[in-house]
Amino acid sequence: MNVSTPPDFVIVGHITQDLQPDGRLGLGGTVSYAATTAHRLGYRVGVVTSTGPELDVAQVLPFAEIACHPSSATTVFENIYLDGKRKQILHQRAGDLTCESIPHAWRRASIVHLGPLDQEIDEGIFHCFDDQVLIGVTPQGFLRCWDERGRVSFTEWNPPRAVLERINVLVLSELDVPDPDGLIREWKRQIDTIVVTRADRGATIYQASSEPCDYRARPAQQVDPTGAGDVFCAAFLIRLFETGDPCQAAQFANATASFSIERPGVTGIPQRKQVDRYLDNLVERTIS
């Protein structure tokens with residue numbers, strides 16, 4: 001790990017092992033999808049996570065610089081689908097992540113993506129990074145609680161105003177919360193940009209200074225939708241950092257996420273040239 005030079009893109013959260021129906025464990029979590037997305041879009045990636053001794057993060061994410069904090073266990077989720085609905089079980093959980101988990105040089109990274117899965121990110125992390133760092137959040141892990149048997153359910157997240165004001169971009173699915181419109185009305189004065197993803201219907205961007213804008217998704221042949229929201233967020237942050245334009249960022253992120261669902265797992269996450277080629281052709285068709 002290079003402790004003196006920050007990566008371009010830092011992702012913070014638990015990397016997971018997902019229990020499959022046949023009993024095998026597969027790599028999962030926001031960290032896996034966001035890190036792979038940033039790497040394939042041409043960015044140097046740093047991963048801040050916590051795992052047990054059975055998972056070598058440097059081996060499964062060989063392109064990334066790793067700050068992994070030892071725990072007695074790696075986070076394990078099981079997803080059970082019945083009648084189109086998902087039941088989720090948290091079987092075991094790695095350790096919490098705090099400001100002390102972030103290497104000092106990494107606190108100057110250009111982009112930070114906070115991707116909690118199981119309440120693992122301490123609120124102090126929001127204030128750990130330099131003021132100029134672009135901070136994006138996929139909040140699903142703040143919206144989860146679980147009982148003594150590990151059965152996951154929804155819980156409200158009520159962060160203090162100081163935390164909301166440190167978020168530059170919040171990306172959530174319309175399925176993450178019962179009332180996304182109510183949450184947006186409450187938070188959009190504190191958060192610069194809120195994006196609600198709507199699967200094959202694209203995404204809507206909310207900013208305090210303008211009316212909501214809808215952006216259509218690229219038509220895709222869905223094979224595996226897992227991680228699409230994480231891919232979208234990473235791509236959105238990267239393009240927003242490059243251009244400062246949420247419109248361009250939304251189009252870029254929609255395209256990147258749509259490619260990602262056309263193959264299983266992280267294998268569908270596209271290279272930068274594939275996304276750029278699609279968007280260039282889209283502009284040419286629009287002009288002609």
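Refer to the structure above for everything that follows.
Every chain's residues receive numbers from 1 upward, in the order its sequence appears when written. For a predicted model such as this one, the threshold for reporting local features is a pLDDT of at least 70, and the threshold for listing and counting side-chain atom pairs is 80 or more; totals across whole chains, interfaces and linings nevertheless cover every residue. As a convention, hydrogens and water are excluded, and side-chain values are obtained from all of the structure's heavy atoms.

Draft legend 1. Layout of the sheet that holds strand β3 (residues 25–28). Read from one edge to the other, the open sheet built from four strands follows the order β3-β2-β6-β7, with strand pairing classed as mixed. A single partner strand is all that each edge strand has here, and the edge strands are β3 and β7 (85–92). Adjacent strand axes in the sheet meet at a mean angle of 35° when their direction is disregarded. Strands are labelled as partners when DSSP assigns at least two bridges between them. Counting from the N terminus, the helices are DSSP H or I runs at least four residues long and the strands are E runs at least two residues long. With four bridges connecting them, strand β2 (residues 16–19) and strand β6 (residues 75–82) associate as parallel partners. From the neighbouring strand, Q17 faces β6, where its bridge partner is V76. Axes here refer to lines fitted to C-alpha atoms; in helices the fit is confined to the stretch in contact. Angles between the N-to-C directions go from 0 to 180 degrees.

Draft legend 2. Inspection of the pairing of strand β15 (residues 210–215) at higher detail. Relative to β15, strand β14 (residues 203–207) runs antiparallel, the two being bridged by four bridges. Bridge pairing in β15 places T204 opposite D214. Counted between consecutive antiparallel strands, the loop separating β14 from β15 contains two residues.

Draft legend 3. Representation of the side chain of D230. Tracing the chain through its elements places D230 in helix α5 (residues 228–243). Despite being buried, D230 has no salt bridge partner; R144 is the closest side chain of opposite charge, sitting 8.2 Å away. Any pair of nitrogen or oxygen atoms within 3.5 Å is treated as a polar contact; in protein, a donor-acceptor pairing is required on top of that, and neighbouring residues in sequence qualify only through side-chain atoms on both sides. Within the structure, the side chain of D230 is placed 3.0 Å from the side chain of T30, a separation counted as a polar contact. We call two residues in contact when some of their heavy atoms are within 4.5 Å. Sequence-distant contacts of D230, that is, excluding residues within four places in its chain, are made with G29, T30, Y33, A34, H113, T138 and Q140. Relative accessibility decides the category of a residue: with a 1.4 Å probe and only protein chains considered, values under 20% of the type maximum give buried, values over 50% give exposed, and everything between is partly exposed. Note that His is not counted, nor are the chain ends; the positive residues are Lys and Arg, and the negative ones are Asp and Glu. Every case where a carboxyl oxygen of Asp or Glu lies within 4 Å of a side-chain nitrogen of Lys or Arg is listed as a salt bridge.

Draft legend 4. Representation of the sheet that holds strand β8 (residues 111–114) in the model. Strands sit in the order β5-β4-β1-β8-β9-β12-β13-β14-β15 across an open sheet of nine strands; the sheet is mixed. Of all strands in the sheet, those bounded by a partner on one side alone are β5 (65–70) and β15. Recorded for the sheet is a direction-independent mean angle of 15° between the axes of neighbouring strands. Contacting β1 (9–12), β8, β9 (134–137), β12 (169–173), β13 (193–197) and β14, α5 crosses the sheet at an angle of about 160° to β8.

Draft legend 5. Local environment of the state of the cysteines. When two cysteine sulfur atoms are found within 2.5 Å, that pair is recorded as a disulfide. Here the structure, examined in full by the defined rule, presents one disulfide. With a sulfur-sulfur separation of 2.3 Å, C99 is cross-linked through a disulfide to C128. Handedness here is read from the sign of the S-S torsion; for C99 and C128, about 80°, the answer is right-handed. On the criterion of sequence distance, the pair formed by C99 in the loop between β7 and β8 and C128 in the loop between β8 and β9 is long-range, its members being 29 residues apart. Summary of cysteine pairing: C68 is not part of a disulfide, and the nearest cysteine sulfur, belonging to C128, is at 17 Å. Since its relative accessible area comes to 30%, C68 is described here as partly exposed.

Draft legend 6. Geometry of the nonpolar core. Ranked by internal contacts, the top residues of the largest apolar core, which has 45 residues, are F9, I11, V47, L61, V195, F232 and F236. Looking at this core, the elements that each hand over two or more residues are β1, α1 (30–40), β4 (45–51), β12, β14, α5, α6 (246–260) and α7 (272–287). Residue contributions to this core peak at nine residues, all from α5. In this structure L61 touches I15, V31, A35, T36, V47 and I66, once residues within four positions along its chain are discounted. Nonpolar cores are built from buried Ala, Val, Leu, Ile, Met, Phe, Trp, Tyr and Cys residues. Side-chain atoms within 4.5 Å join them into one set. Listed in part, the 36 residues of the second largest apolar core include V133, I167, L170 and Y206.

Draft legend 7. Region of interest: the pattern of salt bridges. A complete count under the given rule lists twelve salt bridges for this structure. Between E242 and R239 there is a salt bridge; the shortest N-O distance is 2.8 Å. Linking E242 with R239, this pair stays in helix α5, spanning three residues, or about one helical turn. Given the relative accessible area of 31%, E242 is considered partly exposed. If you follow the salt bridges from partner to partner, you end up with R239, E242, R272 and D276 in one network.

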